[in-house]
Amino acid sequence: MADYDELLNLSAEIGELLLQNGAEIYRVEESMERLFTAYGVESQVYCVPTTIIATIVTPEGENVTKGVRVRSRGTDFDKVMAVNDLCRRACRDTPAFSKIREELARIRQRRRYSLPVTCLGWALVASSFTLIFGGNFADAACAFLPAMVVCLAQYGLNRLEANQFFSLMVESFLIGVFAILSVRLGLAQNSDKIIIGTLMILVPGLALTNCIRDILAGDLMSGVAKIAEVFLIGVFIALGAAIAVYGAGLLPV
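Residues numbered from 1 in each chain as written. Predicted model: local features only at pLDDT ≥ 70, side-chain atom pairs only at ≥ 80, totals over all residues. Heavy atoms only, no water.

Draft legend 1. Layout of the pattern of salt bridges. Under the defined criterion, the tally for this structure stands at 12 salt bridges. As a salt-bridge pair, Glu-103 and Arg-89 come within 3.9 Å of each other at their nearest N and O atoms. With Glu-103 in helix H4 (residues 97-108) and Arg-89 in helix H3 (residues 77-93), this pair connects stretches of sequence that are 14 residues apart. On the basis of relative accessible area, Glu-103 is assigned to the buried category, the value being 18%. A relative accessible area of 30% means that Arg-89 is categorised as partly exposed. For the salt bridge of Arg-92 with Asp-93, the shortest nitrogen-to-oxygen distance reads 3.3 Å. Accessibility expressed as a relative area gives 58% for Arg-92, which makes it exposed. A relative accessible area of 46% means that Asp-93 is categorised as partly exposed. Residues joined by salt bridges that share partners form a network here, namely Asp-85, Arg-89, Glu-103 and Arg-106. (Salt bridge = Lys/Arg side-chain N within 4 Å of Asp/Glu carboxyl O. Helix = DSSP H or I, 4+ residues; strand = E, 2+ residues; numbered from the N terminus. Buried < 20%, exposed > 50% of the residue type's maximum accessible area, 1.4 Å probe, protein only.)

Structure, rendered in structure tokens:
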């Protein structure tokens, strides 16, 4: 029984790691089910964006179930690819569970881009979108600062484990404030172009894509849950920017 418990725990860790880093629902379920099949047990896996429930049937006919609550989700395709590769090798070679656990620990410790590199990337994306939406080069240059400030703010709020929607509202508010200040100081001409260009770094494009893929794959509960999340994210992003613009309108020019 201990071996089946360990297999169930390992598979749940793989599913959790995939879900935490932006994998689709069907990918999580399929990866876990393939691992169970490779080790010779029947299984049923049910996954939604915040929960994984897996049940295996041992050769003795006993059902063993494990549930995992996934409280944090983000995007890290490097980890998703690494876990996928580990799962494929495990299904092909069926190594000892200890080796899989060691590899999982290494994947968890993989470093992301450093904070300065991430801030620079956000700034380049924001300035590019500012140009795409009709801003001039001065507007694009002024998009650098709010993008970097928002990157730092998100890093700090994540460290504090702040609510996702509250964090997005604060970040979009900061974008509006810095964009309007840039125009008031004569550094830029179009605050609306700066705002919309910088807000694009907060738009949940991956979540929207995944919810459509989940619905097409038949995972209706997951798809509807993600659509609701995308809608709420959009509302809080708009709310934060609207507060900044409305507040600026009440101040003397």
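Moving on, there is more to tell.
Draft legend 2. A look at the packing of helix H8 (residues 164-184) against helix H9 (residues 191-199). Where H8 contacts H9, the axes come no closer than 9 Å and their chain directions differ by 150°. The pairing of H8 with H9 is recorded here as roughly antiparallel in orientation. Remark: the crossing between H8 and H9 carries right-handed chirality. Residues Ser-172, Ile-175, Gly-176, Ala-179, Ile-180, Ser-182 and Val-183 of H8 pack against Ser-191, Ile-194, Ile-195, Thr-198 and Leu-199 of H9. Here the contact of H8 with H9 is built from residues that sort into seven nonpolar, five polar and no charged. (Axes fitted to C-alpha atoms, helices over the stretch in contact; angles between N-to-C directions. Parallel < 35°, antiparallel > 145°, perpendicular 65-115°, else oblique. Left-handed = near helix turned anticlockwise from the far one by under 90°. Contact = heavy atoms within 4.5 Å. Nonpolar A, V, L, I, M, F, W, Y, C, P; charged D, E, K, R; others polar.)

Draft legend 3. Quick peek at the nonpolar core. Val-28, Phe-36 and Ile-52 are the most contacted members of the largest nonpolar core, which has 33 residues in total. Broken down by secondary-structure element, the contributors of at least two residues to this core are helix H1 (2-20), helix H2 (25-38), strand S1 (42-48), strand S2 (51-57), strand S3 (63-69), H3 and H4. Among the elements that take part in this core, H1 stands out by supplying nine residues, more than any other. Ala-123, Ala-179, Ile-194 and Ile-201 belong to the second largest nonpolar core, which has 22 residues in total. (Core = buried A, V, L, I, M, F, W, Y, C linked by side-chain atoms within 4.5 Å.)

Draft legend 4. Up close: the packing of helix H7 (residues 144-159) against H8. Close contact between H7 and H8 brings their axes to 9 Å; oriented N to C, the two are set at 160°. Relative to H8, the element H7 is oriented roughly antiparallel. Judged by the twist between their axes, the crossing of H7 over H8 is right-handed. Contact residues: Leu-145, Pro-146, Val-149, Val-150, Ala-153, Gln-154 and Leu-157 in H7; Ser-167, Val-170, Glu-171, Leu-174, Ile-175 and Phe-178 in H8.

Draft legend 5. Up close: the pairing of S2. Residues Ile-52, Ala-54 and Ile-56 of S2 are buried on one face, while the alternating residues Thr-51, Ile-53, Thr-55 and Val-57, pointing to the opposite face, are not. Strand direction decides the pairing type here: S1 and S2, joined by seven bridges, are antiparallel. When the sheet's bridge partners are listed, Cys-47 is paired in S2 with Ile-52. (Pairing = 2+ DSSP bridges.)

Draft legend 6. Geometry of the sheet that holds S3. One open sheet accounts for three strands, arranged S1-S2-S3; its pairing is antiparallel. Of all strands in the sheet, those with a lone pairing partner are S1 and S3, marking the two edges. When strand polarity is set aside, the average angle formed by the axes of neighbouring strands in this sheet is 10°. Bridge count between S2 and S3: seven bridges; the pairing is antiparallel. Looking across to S3, one finds that Thr-55 is bridged to Thr-65. Its contacts with the sheet put H2 on S1 and S2, and the angle it makes with S1 is roughly 160°.

Draft legend 7. Up close: H2. The terminal C-alpha atoms of H2, which comprises 14 residues, lie 20 Å apart, in line with the 20 Å expected from a rise of 1.5 Å per residue. Residues of H2 that are buried include every one of Ile-25, Val-28, Glu-29, Ser-31, Met-32, Leu-35 and Phe-36, and no others. Across the axial projection of H2, the buried residues extend over an arc of 160°, all falling on one side. Exposed positions of H2 whose direction lies more than 90 degrees from the buried face are Arg-34 and Thr-37. Once H2 finishes, Gly-40 follows within two positions and takes phi at roughly 80°, a positive value. (Expected span 1.5 Å × (residues − 1). Arc of directions from axis to C-beta.)

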